[in-house]
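Understanding the architecture of this molecule
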Amino acid sequence: MFSFFKKFKKPADAPLDTPEDEEAELPPVEDGAELGREPAIDAAIPEEPASPVETPAPSPEGPKPYWQGHTASQWTRVSETDEASEEVLPLPEPDPVAKKSWLSRLRNGLSKTSSNLTGIFVSAKIDEDLYEELETALLMSDAGIDATEFLLESLHEKVRVERLTEASQVKTALRELLIDLLRPLEKSLMLGRAQPLVMMIAGVNGVGKTTSIGKLVKHLQRFNQSVLLAAGDTFRAAAREQLTVWGERNNVTVIAQESGDAAAVIFDAVGAARARKIDVMMADTAGRLPTQLHLMEELRKVHRVIAKAMPDAPHEVLLVIDGNTGQNALAQVKAFDDALGLTGLIVTKLDGTAKGGILAAIARQRRIPVYFIGVGEKIEDLQPFSAEEFVDALLG
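Conventions used here
- Residues numbered from 1 in each chain as written.
- Predicted model: local features only at pLDDT ≥ 70, side-chain atom pairs only at ≥ 80, totals over all residues.
- Heavy atoms only, no water.
- Buried < 20%, exposed > 50% of the residue type's maximum accessible area, 1.4 Å probe, protein only.
- Helix = DSSP H or I, 4+ residues; strand = E, 2+ residues; numbered from the N terminus.
- Contact = heavy atoms within 4.5 Å.
- 1 Å grid on protein atoms, 1.4 Å probe; cavity = no way out; pocket = protein on both sides within 12 Å on 5 of 7 lines; lining within 4 Å.
- Points joined across faces, edges and corners; volume = space filled by probe spheres on them.
- Nonpolar A, V, L, I, M, F, W, Y, C, P; charged D, E, K, R; others polar.
- Pairing = 2+ DSSP bridges.
- Right-handed = clockwise from strand over helix to strand, strands pointing away.
- UniProt positions renumbered as here; feature names shortened; annotations may be inferred.
- Salt bridge = Lys/Arg side-chain N within 4 Å of Asp/Glu carboxyl O.

Our focus in this paragraph is helix H12 (residues 387-395). The element H12 is extensively covered by neighbouring structure, given that 7 of its 9 residues are classed as buried. Looking at the buried side of H12, the elements it contacts are helix H1 (96-109), helix H2 (111-118), helix H5 (167-182), helix H11 (358-365) and strand S10 (370-374). A positive backbone phi angle near 65° is found at Gly-396, which sits one or two residues after H12.

Right under this line is the structure:
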């Protein structure tokens, strides 16, 4: 499996923008080069942000085993050099047991989608009936009209040019087309290009934002990344407590406050992360529908305030979507991308869904990288997205 994390380096003598009056200091960590962009800064910082209540990280009780079935082969950092680099270390061979377990969970999770697709090619003739059945199956999987028409036209041409005569050959051709369509969604989440690397997590209610953050923290820690969390969901009852629990599980600090402005909490968290030389700061935000215009504007405010706290931040704006919602998930992607400029997606709850074709729709409509997909509640059920593995699970 290929890398989904990369590491940038900068010269050792590059200056650090670190306040000297911060009381709490974590152990020093390696710097990364800041590759920023010019953000739109047009919002005022809260004049007197409420003092946050820090949930301290509990003392570790010795080394604890990482999730069973997960291997370090899925993550890597570049070689330690003095110059900025995108070089990726060669990956070791993945653990066969872990790989087989993940592929099995993925295949089982997408079984409802695949059952509609794979049955078409059993003892079928290559005629218009086959294409009509395939069209129906793709639309039922929520691939959408655009992706369905694109795949069918490409398949027609491929069958003609390659003179395919067997249904199994057509299935193989469809597999190749699907992989080619989804491959652009594969992209590495690059670590170390800023300190801290600020990640803003958004999404509608109930998609699993907070849970995904907790799982992602553990992935980052596998690469020796120090993490700080900001409880920016100040609306949902128990949201702060839920994030605090994940912080305790992963032994990371959570910046939170009893109530108040989400932008103020996240602003303070960015400052704390910079002072303590934290590698990654992740900000949770309250769930909201794209149609709730006042709440979407508040999310834009959070984005602007983060840029006030750190000029090139946020470096990643991730949207968590529920794979079960089909075309509605695509509408969410479009709305949040228009509002914030998304850099990546986390697709959850793909287990048991009949709408796994939604990724094809996203690939045609908004080619935003899918960093992770989830097929269950366990920590190891959130894994990097691979087009080939996903398509193989879809087509059995």
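After that view of the structure, there is still more to cover.
Summed over all chains, the structure comprises 3 cavities of 30 Å³ or more. For the second largest cavity, the calculated volume is near 70 Å³. Along the walls of the second largest cavity sit Leu-117, Leu-138, Ser-141, Ala-143, Leu-151, Leu-178, Leu-182, Gly-356, Gly-357, Ala-360, Phe-390 and Leu-394, which together make up its complete lining. For the lining of the second largest cavity, the elements supplying multiple residues, two or more each, are H5 and H12. Here the lining of the second largest cavity is composed, by residue class, of 9 nonpolar, 3 polar and no charged.

All right, on to the pairing of S10 then. Summarising burial for S10: 5 of the 5 residues are buried, a large majority. Where strand S9 (residues 344-348) and S10 come together, 3 bridges link them in parallel fashion. Looking across to S10, one finds that Leu-345 is bridged to Val-370. Handedness of the crossover joining S9 and S10 through H11: right-handed.

Let us look at the UniProt feature "domain: SRP54-type proteins GTP-binding" (unreviewed entry) in the protein. Mapped onto this structure's residue numbering, the UniProt feature "domain: SRP54-type proteins GTP-binding" (unreviewed entry) falls at residues 369-382. The straight-line gap between the two end C-alpha atoms of residues 369-382 is 15 Å; of that span, 0% is helix and 43% is strand.

On to the pattern of salt bridges, then. On inspection of all chains with the given rule, the structure shows 16 salt bridges. Here Arg-240 makes a salt bridge to Glu-241, at a shortest N to O gap of 3.2 Å. Note that Glu-298 is salt-bridged to Arg-288, the shortest N-O span being 3.1 Å. With a gap of 10 residues between them, Glu-298 in helix H9 (residues 293-309) and Arg-288 in the loop between strand S7 (280-285) and H9 connect regions that are remote in the sequence. Connected through salt bridges with shared partners, the residues Lys-158, Glu-162 and Glu-176 form a single ionic network.

Right, let's get into the side chain of Thr-113. Relative to the elements of secondary structure, Thr-113 occurs in helix H2. Classification of Thr-113 as buried rests on a relative accessible area of 1%. Those residues in contact with Thr-113 that lie beyond four places of it in its chain are Ser-141, Thr-353, Ala-354, Lys-355, Gly-356, Gly-357 and Leu-394.

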